[in-house]
Amino acid sequence: MSQYSDEDAFEAAAAPSTRAQPSLSQRATAAPHVDYFAGLNPAQRQAVETLDGPVLMLAGAGTGKTKALTCRIAHLMATGRARPDEILAVTFTNKAAREMKNRISGLTQGASEGMRWLGTFHAICVKLLRRHSELVGLKSSFTILDTDDQMRLLKQLLRASDIDEKRWPPRMLAGIIDGWKNKAWTPAQVPVAESSAFDDKGVDLYAAYQQRLKDLNACDFGDLLLHMVTIFQTHADVLATYQRWFKYILVDEYQDTNVAQYLWLRLLAQGHKNICCVGDDDQSIYGWRGAEVGNILRFEKDFPGAHVVRLEQNYRSTGHILGAAAGVIDANKDRLGKTLFTDGEDGEKVRLIGHWDGEEEARWIGEDIESMQRGTRGLDAMPLNSMAILVRASHQMRSFEDRFLTIGLPYRVIGGPRFYERMEIRDAMAYFRLAVSQDDDLAFERIVNTPKRGLGDKAVQTIQMTARSNGVNLIEGARLCVNGGLIKGRGGNALRDLVQGLDRWHGQLHCRSNGATRRELLDDEDSVIDDGPTVEVFDGASNVNHVELAEVILDECGYTAHWKNEKTPEAPGRLENLKELVKALENFDSLQGFLEHISLIMDNAKDEEDDKVTIMTLHGAKGLEFPSVYLPGWEDGLFPSQRSMDESGLKGLEEERRLAYVGITRAEKHCTISFTSSRLVYGQWQSQMPSRFIDELPEENVEVLTPPGLHGGGFGAAGMSAQANPASEGMASTLHEKMAKADVYNSPGWRRLQSRSQQRPMTQPKESRNAVIDLKATSSFTTGERVFHHKFGYGEVMEIEGDKLLIEFDKAGEKKVVAKFIVSADSANDVPF
DNA sequence: CTACACCAGATTTTT
DNA sequence: TCTGGTGTAG
């Protein structure tokens, strides 16, 4: 594709939106200070109005940077500086991109629809790369590998090179290669200093891997950026096109950019230098995956004369919360230094409490959440939606899930495996990929024996050998094997059926497309369609249902049946997911279109409307805010994580500290930090020391709920005092001092705890409080009945106690669970599909 | 080729 | 403790 046609395509694409433009600029001329300026403080306003030249917006937590950013975009459009599609706006997450789009839409009466270049780095790069892929030796129909495929490929390479997989695990190689890609190094560009990586074979393996990807017409996540940077660096004409096209560039979360992203941005901005980067060095928490805080620090060097705007007025948190956060982050060196302030109230102090163990911590938080929800403590009742538990590592979530399940407190876990990363989704997608392109060998490898068809390693190897020696794809190879009698018997029959099925689905798909070639389809999509739900590409023909075809494929290949027959606890959920996948297909007009976008946009945007407590990692919480935030697990080794400190020393510690800062600044009104003295790690009890970050919390902003000497307090403080506390010996002296100084016995918190612990002494069995018998809610289950629980799996009802059921789970053991979380085992299998 | 049993390593964080 | 990978028996 020549540069010329590029421009044509761009002009063509731009045409529709020019129509909308005059009305916008009229509005701007008629009323210079359009409504969206209202409510901006001077700094924000400066950030919005300084349109030309480089701008660095240093925006502290909760200072309204998204507001400034979206207003700036609206302003660009309203003043006619750029059409919506001439603005490049980059975010890190799809969620952020969505939110920005919505907010701009609100400001501009829908003009954001034309913003075709608002998205994540990766999403935008895919779009660009589909256009120019031939410049790096790929067809524009290239597939994007998920980590699973990537790992399988690397394993093959390692096996071929005769490397001990024990000593040199594929994961490690993947990490190294990823790191190089983040630095924008092609195999040839990896510096000599790195040549010892992975037993001296790293670079060679990297080269081999890239070659293999090219053969497969595929690329991984890192390649999306790497390839684009390479293209920009080696094809001045292409770069120039885009430099001209993107009149204004905006970057969110700039502190999280890695070198490749930085180069990409710098190349694009080089011409006009109309680039506005928004970031907060104090919130840089992705150093471990290649983010360079240095990018934000060197901005002014790269773009001399850059306007630097600081947003320091915080609109989110109370004074005490800001004070606590500031105390922690102050311990970091090398900050650009911002001082957040608020006009609001001091509010409630940050609460600090120690517990005996994780179970008690979860119990305490659960009860506190319930009381907040009821509105005790003389405070207004708060919905569960307004509360969040933010943990360092996802395995910490479990104790909360267990506890909340037991007491019937609705919660929602954010994070975990992404939807499209789940096994069943990837399996299904592999079938779809093969229907679209028979050349997708990785997909074939994935599903030859899924569901089980009696085709083991030997059969697969035979197919691979045959394919290779005949220079054909694996499907052809399999066909040859069957016809040539190389694979016989049960497996041979199954393989023949599979190949026939694949042919059939392939044929059905391509006649559905009304004769349109893949090429035409791509061109259409690229120039007209942005992403997601969209216009029909083909007149009339398209809705003859790729959705139906997808269902047919999953049925005919036996995959649906496979999960229906499977009696494991996860099976119903997997069927459910497959149903969701098929439903998601409805939003696209072809399987191709779906596959091209899916790996990038299929995140779990789930039930936000239900009133539930949110449980998520600190990383996942960046950019969010909650009226009430719980920060459990503040113990040295867990938070700050030992691993970060071992691997990255002081830098690692500082990043952990920024994580703590991010955590605290998520809170609007209430923030509760807790730690335990013993914790179960890898099934072993470990005594814990309170996090060093706790010592950095300024005393005046903290209310200590744990009495001195009773580290491991909470409800059972009195009962616990007799027990030896392994951690108290080594507990940081400052913490001791703090606790001694705090007049805890007169604090509202302590009195509250006292009165509550009297109501429910620790000596009682922990379930006592929950054994409230509610006759009205008596469940419809009978003892001995087989039941299913979405987390614990299948089990048998042992006892019924009001709406609580004691269940002996096959896998999870005996648990007491609220009836509403339970379904009968029969109905669990009845998932319609 | 599957099914089961045993052992080792893992537990940050994710586009 | 849990998972995933390898090895062995049927």
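Residues numbered from 1 in each chain as written. Chains lettered and ligands numbered in written order. Predicted model: local features only at pLDDT ≥ 70, side-chain atom pairs only at ≥ 80, totals over all residues. Heavy atoms only, no water.

As recorded by an unreviewed UniProt entry, chain A carries the name DNA 3'-5' helicase and is attributed to Octadecabacter antarcticus 307. In its Function (unreviewed entry) section, the UniProt entry covering chain A states "Has both ATPase and helicase activities. Unwinds DNA duplexes with 3' to 5' polarity with respect to the bound strand and initiates unwinding most effectively when a single-stranded region is present. Involved in the post-incision events of nucleotide excision repair and methyl-directed mismatch repair." For the record of chain A, the UniProt heading Sequence similarities (unreviewed entry) holds the text "Belongs to the helicase family. UvrD subfamily." (UniProt positions renumbered as here; feature names shortened; annotations may be inferred.)

Moving on, we come to the sheet that holds strand β7 (residues 275-279). The strand order β3-β2-β6-β7-β1-β8 describes an open sheet built from six strands, whose pairing is parallel. Of all strands in the sheet, those with a lone pairing partner are β3 (118-120) and β8 (307-311), marking the two edges. Across the sheet, the mean angle separating the axes of adjacent strands is 15° when strand polarity is ignored. For strand β1 (residues 55-59) and β8, the ladder comprises five bridges, and the chain directions are parallel. Within the sheet, the bridge partner assigned to L56 lies in β8 and is V308. (Pairing = 2+ DSSP bridges. Helix = DSSP H or I, 4+ residues; strand = E, 2+ residues; numbered from the N terminus. Axes fitted to C-alpha atoms, helices over the stretch in contact; angles between N-to-C directions.)

Scanning the entire structure with this criterion turns up 18 aromatic pairs. With 6.2 Å between their ring centres and 80° between their planes, Y431 and W505 make a pair best called edge-to-face. One end of the pair, Y431, is in helix α17 (residues 423-436); the other, W505, is in helix α21 (residues 489-512), with 74 residues separating them in the sequence. These aromatic residues form a ring-pair network of at least three members: W117, F232, Y242 and F246. (Phe/Tyr/Trp six-rings, centres within 6.5 Å; stacked < 30°, edge-to-face > 60°.)

Once that is clear, we can look at the UniProt feature "binding site: ATP" (unreviewed entry) in chain A. Here the UniProt feature "binding site: ATP" (unreviewed entry) sits at A59, G60, A61, G62, T63, G64, K65 and T66. Its location among the elements puts G62 in the loop between β1 and α3 (65-78). Among the residues examined, G62 registers a relative accessible area of 13% and is labelled buried. Not counting the four nearest positions on each side in its chain, G62 is found in contact with Q313, N314, Y315 and R316. (Buried < 20%, exposed > 50% of the residue type's maximum accessible area, 1.4 Å probe, protein only. Contact = heavy atoms within 4.5 Å.)

Turning to the nonpolar core, a few remarks are in order. Counting residues in hydrophobic clusters, the biggest one holds 71 residues, and the most contacted among them are F232 and W264. Here this core takes eight residues from helix α11 (residues 259-269), the largest share from any one element. Mapped onto the domain boundaries, this core takes at least three residues apiece from domain 1 (33-134 + 222-313) and domain 2 (143-216). Those residues in contact with W264 that lie beyond four places of it in its chain are L88, V90, F121, I124, C125, L128, L225, M228, V229 and F232. Counting 51 residues, the second-largest nonpolar core is a separate cluster that includes M429, F432, A435 and V582. (Core = buried A, V, L, I, M, F, W, Y, C linked by side-chain atoms within 4.5 Å. Domains from an automatic or database assignment.)

Here L268 is to be found in helix α11. On a C-alpha basis, the gap between L268 and Y242 in space is 6.8 Å, while along the polypeptide they are 26 residues apart.

Attention now goes to the protein's contact with DNA strand B. R289, R392, S394, G456 and R643 are the nearest of the 25 residues found near DNA strand B. Of all atoms in DNA strand B that approach within 4 Å of the protein, 57% are sugar or phosphate atoms. With respect to DNA strand B, the side chain of R289 contributes an N or O atom lying 2.7 Å from a sugar or linking oxygen. The contact in question runs from a phosphate oxygen of DNA strand B to an N or O atom on the backbone of G456, over 2.4 Å. In terms of residue count, the dominant contributor to the surface near DNA strand B is helix α28 (residues 642-665) (three residues). (Near = heavy atom within 4 Å. Polar contact = N/O pair within 3.5 Å; in protein donor to acceptor, adjacent residues only side chain to side chain.)

Time to look at the environment of S687. Take S687: it is sitting in strand β15 (residues 684-687). On the basis of relative accessibility, which here comes to 42%, the residue S687 falls in the partly exposed class. Measuring from C-alpha to C-alpha, the distance between S687 and G623 comes to 33 Å, with 64 residues separating the pair along the chain.

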